[in-house]
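These are the residues of each chain, in order.
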Amino acid sequence: MNEDVHARAKHLILADHVEHIAQHEREWLDQHLETCTDCDRLADATQKALRSLRAVSVPLPPSLASRAQLRVYLRIEELRTHRRGSWALWISCGLSWGFGAASTPYVWRGFQWAGQYIGVPNVVWQMGFGLWWALPALVAAGILLVEKLGEGSSETQ
Ligand SMILES: [Zn+2]
C-alpha cells in the first residue's frame, strides 16, 4: 500500500468526527481499517481521545448563571424604567408648553397688573414674566442633566 492510501485514511478518520463522511468514503475507510493496523490504531486512539474529551465537562457554578441572568434582568428593567421616565418627562414638557402658550396672555396681564400695583418699572415685571416662562425648561434641563450624570456613575460600577 502506498502512502496516499494511509493519508486518505487518516484524513477520513479525522473528518468523520468533524463533518461526517459520505457513505462510499465510510465503506472505503472500514475496508482499509480491517487491513491496516496502523490506521486502525489511529482510528481507535482518536475515538478514545474524543470520548474522554466529551466526558470531561466543565462544571459552572450555578450561581454564575443566575448572577448573569440577574444582571441582564436588572439592565432590562433599568432601560424600561428609564424609557418610561423619559416619556413622562416629554409628555409633561409638552403639556406644560401647551398650557404655558394658552395662558400666556393672562399671565402677561397678571404680571403687568402686579408690576403696576407694586410700582416696579416695566422691565422688572417683564423679566419676572420671562423667568416664569423659562423656569419649567430650566427644571426639565436640570432633571435631564441629573439623569445623565446618574447613568454615567452607574455604568462605571
Ligand atoms: Zn493505513
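As the structure is a prediction and not an experimental result, all values here were calculated from the model.

(A) Representation of unusual backbone geometry in the model. With a phi close to 65 degrees, His20 is a non-glycine residue in the positive phi region. Of note, His20 is situated in the loop between helix 1 (3–18) and helix 2 (23–35).

(B) Summary view of helix 1. Relative to the 22 Å expected for 16 residues at 1.5 Å per residue, helix 1 spans 23 Å between its end C-alpha atoms, a close match to the ideal helical length. The complete set of buried residues in helix 1 reads Ala9, Leu12, Ile13, Ala15 and Asp16. For helix 1, the secondary structure elements touched by its buried residues are helix 2 and helix 3 (37–55). Residue His20 follows helix 1 closely and has a positive phi angle near 65 degrees.

(C) Quick peek at the packing of aromatic side chains. Scanning the model with the defined rule gives 5 aromatic pairs in all. Taken together, a centroid distance of 4.9 Å and an interplanar angle of 75 degrees make the contact between Trp108 and Trp125 edge-to-face. With a gap of 17 residues between them, Trp108 in helix 4 (residues 62–118) and Trp125 in helix 5 (residues 122–155) connect regions that are remote in the sequence. The exposure class of Trp108 is partly exposed, given its relative accessible area of 35%. Measuring from ring centre to ring centre gives 5.0 Å for Trp108 and Phe129, while their planes differ by 85 degrees; the resulting arrangement is edge-to-face. Here Phe129 lies in helix 5 and Trp108 lies in helix 4, a separation of 21 residues in the sequence. Given a relative accessible area of 10%, Phe129 falls into the buried group. An aromatic cluster is built from Trp108, Phe111, Trp125, Phe129 and Trp132, whose rings are joined through pairwise contacts. In this arrangement the basic side chain of Arg8 is found over the ring face of Trp28, its NZ or CZ atom lying 4.2 Å from the centre.

The rules behind each value
Residues numbered from 1 in each chain as written. Predicted model: local features only at pLDDT ≥ 70, side-chain atom pairs only at ≥ 80, totals over all residues. Heavy atoms only, no water. Helix = DSSP H or I, 4+ residues; strand = E, 2+ residues; numbered from the N terminus. Expected span 1.5 Å × (residues − 1). Buried < 20%, exposed > 50% of the residue type's maximum accessible area, 1.4 Å probe, protein only. Contact = heavy atoms within 4.5 Å. Phe/Tyr/Trp six-rings, centres within 6.5 Å; stacked < 30°, edge-to-face > 60°. Lys NZ or Arg CZ within 6 Å of the ring centre and 35° of its normal.

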